Amino acid sequence: MIALLRRDLVLAIRAGGGFGLGLAFFLILCILVPFGVGPNPDLLARIAPGILWVGALLACLLSLDRIFQLDFEDGTLDLLATSPLPLEGVATIKSLAHWLTTGLPLTLGAAPLGQLMNIPQDAVFWLVCGLALGTPALSVIGTFGAALTVGLKRGGLLISLLVLPLYMPTLLFGADAARRGAEGLDATTPLLLMAGISAGCVALLPFATSAALRMNLR
Amino acid sequence: MDVKIENVSCSRGDRTVLSNVSFHVKSGRALILRGANGAGKTTLLRCLAGLTPPITGALSFSPDDVAYSAHADGLKSQMSVAETLEFWGKVYGAADIMPAVGAFDLKSLLDRKTQFLSAGQKRRLSLARMVLTRRAIWVMDEPTVSLDAHAVSQFARAVETHLSAGGTAIIATHIELGLHNAAVLDIGTFQAEETVETDPFLDEAFL
Amino acid sequence: MSIWKYANPTQFMKTSGWMLPLFSVLATVCVATGLIWGFFFTPDDFRQGSTVKIIYLHVPSALMAINGWLMMLVASLIWLIRRHHVSALAAKAAAPLGLVMTVIALLTGAIWGQPMWGTYWAWDPRLTSFLILFLFYLGYIALWQAIETQDVAADLTSVLCLVGSVFALLSRYAVNFWNQGLHQGTSVPVATGGRSISDVFFIPLAISMAGFVFLFIALLLLGTRTEIRARRLKALQNREMRRETSNQQNLHAES
């Protein structure tokens with residue numbers, strides 16, 4: 001399994017854009033939003049936590065269809081499914097690799113990029129905490145969506161339609177935590193709830209993901 | 001390991017392709033599957049590999065004893081030959097990749113990225129993976145595609161080695177491999193007629 | 001005699017053949033009675049005026065929007081556990097119905113909201129969760145449409161329905177947490193124990209709700225029958241195609 005993780009990371013780096021793509025998208029968003037709503041610092045500060053969360057979500061979505069699609073097309077997925085690795089494990093590792101290449105860079109990049117949006121200093125801590133706790137759920141849920149659509153020619157758009165509603169609770173709690181942080185309120189409750197969602201997703205969704213993969217490989 | 005299947009029916013998509021396939025391959029022997037395009041060779045092999053559960057019938061072995069080689073090579077163009085073999089070696093718990101390298105003469109290619117390999121070299125790399133699996137039953141789908149005569153005999157030798165160690169092989173191929181212990185089965189004889197058992201929507205008393 | 005015998009397509013077609021007209025009549029009678037009674041023969045509310053009468057559409061459709069998803073959940077479970085084709089097709093047929101019910105609930109809610117709250121849309125927890133439910137229905141239907149192999153489509157949509165149900169429930173509570181809303185509490189006694197509206201309004205509402213249940217069942221039976229016939233057609237076409245190819249091969253072999 002560690003070999004699989006290492007292989008996925010190596011491929012992400014060598015194929016180019018593995019680490020950078022999501023982050024670049026995030027950066028573009030942080031530049032475009034002020035262009036769209038105007039440079040008023042108060043307004044930007046107020047919407048920054050929400051925009052950054054939505055941005056993280058979309059950046060995550062961007063790379064989802066690559067999780068299984070390439071392996072499916074070149075036949076690797078068949079070989080992995082017949083290998084001694086449990087498919088649940090493969091699903092978990094794929095999510096982990098996706099998180100390391102998108103969720104983690106986004107979490108680390110959110111603080112500096114937030115400055116572009118005039119994010120209140122109090123909110124930065126909660127935003128980063130929220131992203132650290134919430135992006136694992138985004139990756140795991142996204143892997144599930146990718147498994148559902150792996151056999152489809154044009155799965156890209158469908159993935160968004162399937163995955164976005166599933167992202168809703170994470171987004172609500174995450175953005176709420178950051179907003180409360182910005183207003184100087186206590187943000188632990190939404191953070192804990194979100195951590196609970198992440199933990200539940202990480203524990204249970206790989207089973208659904210591997211079931212979907214098996215169905216698609218049949 | 002003995003491979004015995006009885007009255008197996010398998011389907012591809014919504015269609016039942018084969019029905020009532022039965023055969024018995026003893027340990028140390030190979031079975032060559034033949035049949036026209038679309039006869040269902042791939043479907044049967046995927047069923048044996050455990051990817052598609054059979055609709056009816058029973059397999060005498062667990063999918064955990066099967067090493068499957070698909071039509072596609074399953075190689076990553078950004079990884080070198082050595083990395084590929086090491087990866088699969090780790091997955092199957094084989095520490096030493098040299099037997100596989102030796103069997104398919106890949107030594108000079110070890111550091112090359114797979115995107116710079118020719119089709120035949122890719123195929124050899126893909127087949128070398130089978131040696132690393134150390135599993136008793138080899139299930140292979142058109143393994144000799146784009147191999148030259150020399151590589152085919154190399155492959156046949158690898159299969160012979162596997163068989164003489166007590167393994168079994170089930171191979172779909174159109175060319176003569178020259179294996180000593182091989183039987184041939186034409187799966188054209190198992191063509192399925194859709195029936196109510198395989199598709200309940202064919203019930204005559206339906207509408 | 002087991003309940004599962006109805007999962008056989010043949011048996012289902014036979015049973016639904018006489019159930020469909022029955023439920024259609026029941027649905028027509030109840031919906032017509034409930035709506036006409038509700039619209040024309042109930043007094044205006046002292047605060048809301050006649051706008052309150054949209055409740056006879058709004059509440060039943062909202063009820064069926066949620067129950068439609070629950071029904072899909074049960075049907076999906078039956079398909080995953082027992083692999084009864086009728087169950088999968090019933091779930092498939094239920095999705096568009098649930099979607100339409102959700103849209104009706106959202107639209108009537110918006111129309112009602114304008115005079116009541118002064119706005120068509122507010123990010124109120126109930127409204128928001130219905131919007132999320134709408135997205136879930138869309139995704140579910142889109143997945144059915146996208147996959148060609150019917151059994152695989154049934155498998156994957158069932159898994160989506162299971163996972164989606166959990167997340168829909170989570171969203172429901174997350175939304176509550178996120179924004180306390182304008183929406184009044186439930187007006188129907190089942191949930192609260194005591195009812196908040198008087199019998200004058202409640203009886204036509206109950207009739208209308210029953211009518212929507214019957215309407216849903218009737219449309220569901222119709223939809224499932226259509227899906228079964230479509231599958232039957234496909235199975236026959238498959239067999240014919242198979243026979244033709246094998247005939248051609250035989251001719252080829254003879255010549």
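Residues numbered from 1 in each chain as written. Chains lettered and ligands numbered in written order. Predicted model: local features only at pLDDT ≥ 70, side-chain atom pairs only at ≥ 80, totals over all residues.

Trainee: Describe the overall build of chain C, and please don't skip the residues or the numbers.
Mentor: Scanning chain C for helices and strands turns up seven helices and zero strands. Starting at the N terminus and walking to the C terminus, you meet the elements of chain C as α-α-α-α-α-α-α. In chain C, which comprises 255 residues, the proportion classed as buried is 41%. Long-range contacts, defined here as pairs at least 24 residues apart, represent 77% of the contacts in chain C between residues at least 6 apart. (Helix = DSSP H or I, 4+ residues; strand = E, 2+ residues; numbered from the N terminus. Buried ≥ 20, exposed ≤ 12 C-beta atoms within 10 Å, placed from the backbone. Contact = placed C-beta atoms within 7 Å.)

Trainee: Can you tell me about the overall build of chain B, naming the residues and giving the values?
Mentor: Looking only at helices and strands, one finds five helices and eight strands in chain B. Going from the N terminus to the C terminus, chain B shows its helices and strands as β-β-β-α-β-β-α-α-α-β-α-β-β. The C-alpha radius of gyration of chain B comes to 18 Å, within 12% of the 17 Å expected for a compact globule of 207 residues. If you line up chain B on its principal axes, its C-alpha atoms span 65 × 35 × 30 Å. (Rg over C-alpha atoms; globule rule 2.2 N^0.38 Å.)

Trainee: For the interface of chain C and chain A, give the residues involved together with the corresponding values.
Mentor: In this complex, chain C contributes 21 residues to the contact, which on the side of chain A involves 21 residues. Going through the elements one at a time, helix H4 (125-146) and helix H5 (150-178) of chain C are the ones with two or more residues in the side of chain C that touches chain A. The element that contributes the greatest number of residues to the side of chain C that touches chain A is H5(C), accounting for 12 residues. Residue classes in the side of chain C that touches chain A are distributed as 18 nonpolar, two polar and one charged. (Nonpolar A, V, L, I, M, F, W, Y, C, P; charged D, E, K, R; others polar.)

Trainee: Go over the interface of chain A and chain B, please, and point to the residues and values.
Mentor: Counting residues at the interface gives 17 residues for chain A and 18 residues for chain B. Counting only elements with at least two residues in the side of chain A that touches chain B, the list comes to helix H1 (2-14) and helix H5 (76-81) of chain A. For the side of chain A that touches chain B, the class distribution of residues is eight nonpolar, four polar and five charged.

Trainee: Which residues make up unusual backbone geometry, and what values do they have?
Mentor: Even without being a glycine, B:Arg134 presents a positive backbone phi close to 55°. Since 15 C-beta atoms lie within 10 Å of it, B:Arg134 is described here as partly exposed.

Trainee: How would you explain the confidence of the model for chain C if you had to name every residue and give the values?
Mentor: Parts of the prediction with low pLDDT should not have their coordinates interpreted in detail. Residues and elements named next belong to chain C. Summing up the model confidence of chain C, the mean pLDDT is 85 and the portion of residues at 70 or higher is 89%. Taken element by element, the predicted model of chain C shows its lowest mean pLDDT in helix H6 (residues 189-192) (41) and its highest in helix H2 (residues 55-82) (93). Confidence drops under pLDDT 50 across residues 188-194; counting only partners more than four residues distant or on other chains, this segment forms six contacts. Two numbers describe this predicted complex: its pTM, 0.90, and its ipTM, 0.90. (pLDDT = per-residue confidence, 0-100.)

Trainee: Break down the sheet that holds strand S2 (residues 15-25) of chain B for me, citing the residues and quoting the values.
Mentor: Backbone-to-backbone hydrogen bonds pair the strands of a sheet. The strands run either parallel or antiparallel. Residue and element names in this part refer to chain B. The strand order across the open sheet built from three strands is S2-S1-S4, with neighbouring strands paired in antiparallel fashion. Across the chains shown, the open sheet's two edge strands, defined by having one partner strand only, are S2 and strand S4 (56-59). In this sheet, neighbouring strand axes are inclined to one another by 25° on average, regardless of whether the strands run parallel or antiparallel. In terms of strand pairing, strand S1 (residues 3-12) meets S2 through seven bridges, oriented antiparallel. Within the sheet, the bridge partner assigned to Val3 lies in S2 and is Val25. Helix H1 (residues 41-48) rests against S1 and S2 of the sheet, and its axis sits at about 120° to S1. (Pairing = 2+ DSSP bridges. Axes fitted to C-alpha atoms, helices over the stretch in contact; angles between N-to-C directions.)

Trainee: Can you tell me about the sheet that holds strand S5 (residues 66-69) of chain B, naming the residues and giving the values?
Mentor: Residues and elements named next belong to chain B. Read across the open sheet, the five strands follow the order S5-S6-S7-S3-S8; overall the sheet is parallel. The open sheet terminates on both sides in strands that have one partner only, identified here as S5 and strand S8 (182-186). Sheet twist, expressed as the mean angle between neighbouring strand axes with direction ignored, is 15°. Where strand S3 (residues 30-34) and S8 come together, five bridges link them in parallel fashion. Within the sheet, the bridge partner assigned to Arg34 lies in S8 and is Asp186. Of the strands in this sheet, S3, S5, strand S6 (137-141) and strand S7 (168-172) touch H1, which is tilted by about 150° from S6. Along the sheet, helix H4 (residues 119-133) contacts S5 and S6; its crossing angle with S5, the most-contacted strand, is approximately 175°.

Trainee: Help me get a handle on helix H4 (residues 66-73) of chain A, residues and values and all.
Mentor: Side chains that are three or four residues apart share a direction in an α-helix, a result of its 3.6 residues per turn. Residues and elements named next belong to chain A. Looking only at H4, the buried set comprises Ile67, Phe68, Asp71 and Phe72. Considered in projection along H4, the buried side chains sweep an arc of 105° and stay on one side of the axis. Elements in contact with the buried residues of H4: H5, helix H6 (87-116) and helix H7 (121-148). Within two residues after H4, Gly75 carries a phi angle of roughly 90°, on the positive side. (Arc of directions from axis to C-beta.)

Trainee: Account for the nonpolar core, with residues named and values stated.
Mentor: Ranked by internal contacts, the top residues of the largest apolar core, which has 207 residues, are A:Leu127, A:Ile141, A:Ala212, B:Ala128, B:Val139 and C:Ala94. Top element by residues in this core is H7(A). It accounts for 16 residues. Here C:Ala94 is in contact with C:Gly68, C:Met71, C:Met72, C:Ala75 and C:Leu220, once residues within four sequence places are set aside. (Core = buried A, V, L, I, M, F, W, Y, C linked by C-beta atoms within 7 Å.)

Trainee: How would you sum up the packing of helix H8 (residues 155-182) of chain A against H5(C)? Please name residues and give values.
Mentor: Orientation of H8(A) relative to H5(C), taken along the N-to-C sense of each, is 30°, at an axis distance of 9 Å. Judged on the interaxial angle alone, H5(C) and H8(A) are roughly parallel. The crossing of H8(A) and H5(C) is left-handed. Mapping the contact onto sequence places A:Leu162, A:Pro165, A:Leu166, A:Met168, A:Pro169, A:Leu172, A:Phe173 and A:Asp176 in H8(A) and C:Leu160, C:Phe167, C:Leu170, C:Ser171, C:Ala174, C:Val175 and C:Trp178 in H5(C). In terms of residue class, the contact of H8(A) with H5(C) is built from 13 nonpolar, one polar and one charged. (Parallel < 35°, antiparallel > 145°, perpendicular 65-115°, else oblique. Left-handed = near helix turned anticlockwise from the far one by under 90°.)

Trainee: So what's going on with the environment of A:Ala81? Which residues, and what values?
Mentor: Within the secondary structure, A:Ala81 is located in helix H5. Along the backbone, A:Ala81 and A:Arg214 are 133 residues apart, and their C-alpha atoms lie at a distance of 7.9 Å.

Trainee: Give me the pairing of S3(B): which residues, what numbers.
Mentor: Two strands pair when backbone bridges link them, and S3(B) and S7(B) are joined in this way by four bridges, in the parallel orientation. Within the sheet, the bridge partner assigned to B:Leu33 lies in S7(B) and is B:Ala172.

Trainee: Tell me about the environment of B:Ser153, and name the residues and values.
Mentor: Residues and elements named next belong to chain B. By the element assignment, Ser153 lies in helix H5 (residues 149-164). Assessed through the 13 C-beta atoms surrounding it within 10 Å, Ser153 is described here as partly exposed. Counting along the chain gives 24 residues from Ser153 to Leu177, while the straight-line C-alpha distance between them is 7.2 Å.

Trainee: Tell me about the environment of A:Leu21, and please be specific about residues and values.
Mentor: Residue and element names in this part refer to chain A. You can see Leu21 is positioned in helix H2 (residues 20-37). Given 18 C-beta atoms within a 10 Å radius, Leu21 is considered partly exposed. C-alpha of Leu21 to C-alpha of Thr209: the two residues are 188 residues apart in sequence and 24 Å apart in space. In this structure Leu21 touches Leu62 and Ser63, once residues within four positions along its chain are discounted.

Trainee: Please provide a residue-by-residue account of H8(A), values included.
Mentor: Residues and elements named next belong to chain A. Taking 1.5 Å per residue as the helical rise, H8 with its 28 residues ought to reach 40 Å, and the 38 Å between its terminal C-alpha atoms agrees with that figure. Of all the bends in H8, the greatest, near 40°, is centred on Met168, and the proline Pro169 appears no more than four residues after it. H8 sits mainly inside the fold: 23 of its 28 residues count as buried. Where H8 terminates, the next one or two residues include Gly184, which has phi positive at roughly 75°. (Expected span 1.5 Å × (residues − 1). Bend = angle between axes of the 7 residues up to and from the residue.)

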